[in-house]
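Below, each chain spelled out in residue letters.
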Amino acid sequence: MLTLDREKTSTPDYNLLNASIKETFTSLDRFEWQAVDELLQMRDGELYVESGYTSFKEYCQHELSAWGGYRRITQLLGAKKVIDTAQELGQHIRNERQARPLLRLVKEPEKLREAVAIAVQENPSPSASDFASAAQKVVPHQPRRRIKAPSGEPVVPKNQEPIVPQSARVTITSLDHPRHGESGTIEADPPNYWQQIVTFADGSRELVNNNDLDASSVPYPTQRAYSPEYAEAIAQLKEQHQQEIERLEQELRIGLLSEAKAQAEQQVQEELTSWQKLFQQQREQNVLLQQRLEEIEASKQLQYENQQKQPVQEIENAVKENSIQQGENTLTLQATKAVNKGAKQALDQTIDLLSLAQEPPKENAQECLRLMGIALGNLATAMNNTQALQAAALILGTEPNKSAIAYRAEQLQLLPQAVSDIRAVLSKPDCTWQEYLTVAREYEVIEEDYLVQLTPQEVELITALEKSAQPKTIGVGSIVAHADIYSALYNTRGEVIEDLGDEVWVAWEHWKDRPKKTDRYFKKELRLL
């Protein structure tokens, strides 16, 4: 471009100045198309996301506001679309202003190329007005036909707004609209009550929302006016509709409350039923245990009485001394044997509580043993029975004294609640070791008992949570870097290949091409990556 030196030349040469002006505008157009290509890369690649923008529009409004913002960028992208659609004829369109009147023909490529060809034929260097005239020839605007009364006045149908005058001018004030700041005329009836058909200076017609136009320039109210009869009927319908909505909301609220109350009552009833069944089972087990203890005591008493009787050998010697009474003594001996045999059978039929504790029932064994131990402890306390006390201690896993059994029974009463709380915290999707530990500490004294009640999968989950909470240490295979922030190795990566206790050998990635690829460090000199 030509640079003018006003100190040396007072009056510039026309040819030089004219050539410089044309070269300047040509450069502006070229740089503008270059900016369009870069804008397409930014939009299609969504590179604006790297700076925190959520949309291309937001990027344009913030970063390119000094050059027209999103409105100007939309115009340039529309011009690019026109040139691409025109194919080889697009070389005659030099800037966005010339492409603007052809934008409405983009959806009809054949007509667009025909309009460009007509403009080039009429003027080898066509301007924006030449392209607008050619577009009007190819696809002329079709204004809406008006119905005229015999008197020549426009017909205004009932319950409709009057026809808008031809001279009504409007201005687009919305910053988000592509034609922000431009003015146009309304030459046709509005298609609805919230939009206008605006004709701009370049001959294009667009449908624009009333909210995007200057409020003072909109030629009629944005809401439809109804007659008093219609307005009153609409108000009554709205009131009835509102009352119906309130009634339905009230019925829905009452229905939800009733359903929630019924569900709560059902849940309470189910819990009461389950507790009643459990209490009944415990009572039955207590009765059975009492009967078994009574049988044991009776068997012991019978055995003691049998031991107090005359031994069989003495009876036989007495028979030898008195042959006359041999028959009677024989009968006495047989009766004694029968009594001993009956006592032995009675003892065999009783249940040994120690063996029951060592081999608990397979179905709900822990719960049965817990209830049995509590019942035996209560029975041993009431009857001061030593065998029941020992059996209760063996079942409950504690010392054979009353205080230890009572303390153990109180602990085991917490077992169902402990299992429920532990499973509740383990069922969370993002359960952590700290959350589990908070609940487990409340039942620390019965940890072994509730772990037996958990499934193998739940126990494995607890073990995995504990391992994940343990601090990581540097070992073979660890990826490390130097711990000193001022060291050249602070931002590099290395792998531990040998562990020597307090020291390790590290192979650095950036030393692969060097003769020395490893080095020896203390573990405290390194940090895990």
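About the criteria used
- Residues numbered from 1 in each chain as written.
- Predicted model: local features only at pLDDT ≥ 70, side-chain atom pairs only at ≥ 80, totals over all residues.
- Heavy atoms only, no water.
- Helix = DSSP H or I, 4+ residues; strand = E, 2+ residues; numbered from the N terminus.
- Buried < 20%, exposed > 50% of the residue type's maximum accessible area, 1.4 Å probe, protein only.
- Contact = heavy atoms within 4.5 Å.
- Areas by Shrake-Rupley, 256 points an atom, 1.4 Å probe, with all protein chains shown as cover.
- Salt bridge = Lys/Arg side-chain N within 4 Å of Asp/Glu carboxyl O.
- Pairing = 2+ DSSP bridges.
- Phe/Tyr/Trp six-rings, centres within 6.5 Å; stacked < 30°, edge-to-face > 60°.
- Core = buried A, V, L, I, M, F, W, Y, C linked by side-chain atoms within 4.5 Å.

The chain carries the name ATPase involved in DNA repair in an unreviewed UniProt entry, which gives Anabaena azotica FACHB-119 as its organism.

Draft legend 1. Local environment of the overall build of the chain. A count of helical and extended segments in the chain gives 17 helices and nine strands. Buried residues in the chain amount to 30% of all 529 residues. Relative to all contacts within the chain whose residues are 6 or more apart in sequence, the contacts with residues 24 or more apart total 47%. Just so you have it, the chain exposes about 35900 Å², and 52% of that area is on carbon and sulfur atoms.

Draft legend 2. Main features of the pattern of salt bridges. Tallying each qualifying case throughout the model produces 20 salt bridges. Glu122 serves as the salt-bridge partner of Lys137, at 2.5 Å between the closest nitrogen and oxygen. With Lys137 in helix α6 (residues 128–138) and Glu122 in helix α5 (residues 109–122), this pair connects stretches of sequence that are 15 residues apart. Here the salt bridges share partners, and the residues they tie into one network are Arg72, Glu96, Arg100, Arg179, Glu182, Asp202 and Glu206.

Draft legend 3. Layout of the pairing of strand β7 (residues 503–508). With five bridges joining them, strand β6 (residues 494–499) and β7 adopt antiparallel strand pairing. Residue pairing in the sheet places Asp499 in a bridge with Val504 of β7. Here β6 hands over to β7 after three residues, with Gly501 in that stretch at a positive phi of 100 degrees. By the bridge criterion, five bridges tie β7 to strand β8 (residues 518–522) in an arrangement that is antiparallel. Its bridge partner lying in β8, Ala507 is registered against Thr518.

Draft legend 4. Expanded view of the packing of aromatic side chains. Counted according to the given criterion, the structure contains six aromatic pairs. Ring centres of Tyr48 and Phe56 lie 6.2 Å apart, and the angle between their planes is 55 degrees; on these two criteria the pair is classed as tilted. On the basis of relative accessible area, Tyr48 is assigned to the buried category, the value being 9%. Residue classification places Phe56 among the buried residues on the basis of a relative accessible area of 9%. Note on Trp508 and Tyr521: the rings are 5.7 Å apart at their centroids and 90 degrees apart in plane angle, and the pair reads as edge-to-face.

Draft legend 5. Broad picture of the nonpolar core. Phe56, Ile73, Ile93 and Leu102 are the most contacted members of the largest nonpolar core, which has 31 residues in total. Put simply, the parts of the chain that give this core at least two residues each are α1 (14–44), α2 (56–63), α3 (69–86), α5 and α6. The biggest single contributor to this core is α3, with seven residues. If we ignore the near neighbours within four places in the chain, the residues touching Ile73 are Leu39, Phe56, Cys60 and Leu64. Grouped together as the second largest cluster of nonpolar side chains are 18 residues, Ala418, Leu426, Tyr436 and Leu454 included.

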